[in-house]
Amino acid sequence: MTEGEPATGDPNEEALARLSPRWEIRIQTERDPVAEETAAYRKLAQEADGRYDARGKSE
């Protein structure tokens, strides 16, 4: 229940307007900016226990 006057338009059209779109736009990139930033931080420092040291070397 909402306050104010009830909508006078077609209820079916109003229901469709409230739905989210059926599609979404995705952009494919050649580089992964998160992986690049992570690699840059790993060059600056090492983990205290070394648990992530072997993970980045295979890429």
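Residues numbered from 1 in each chain as written. Predicted model: local features only at pLDDT ≥ 70, side-chain atom pairs only at ≥ 80, totals over all residues. Heavy atoms only, no water.

Q: Explain the overall build of the chain to me, and be specific about the residues and the numbers.
A: Counting secondary structure elements, the chain contains two helices and zero strands. Within the chain, the fraction of its 59 residues that count as buried is 0%. Here the chain displays about 6700 Å² of accessible surface, and carbon together with sulfur accounts for 51% of that area. (Helix = DSSP H or I, 4+ residues; strand = E, 2+ residues; numbered from the N terminus. Buried < 20%, exposed > 50% of the residue type's maximum accessible area, 1.4 Å probe, protein only. Areas by Shrake-Rupley, 256 points an atom, 1.4 Å probe, with all protein chains shown as cover.)

Q: Give a detailed account of a nonpolar patch on the surface, specifying residues and quantitative values.
A: On the surface, Trp-23, Ile-25 and Ile-27 cluster together into a nonpolar patch covering about 480 Å² of accessible area. Tracing the backbone through its elements, the reader meets Ile-27 in the loop between α1 (11–18) and α2 (33–44). (Patch = residues over 30% accessible without salt bridge, like charges linked within 9 Å, V, L, I, M, F, W, Y side chains within 5 Å. Salt bridge = Lys/Arg side-chain N within 4 Å of Asp/Glu carboxyl O.)

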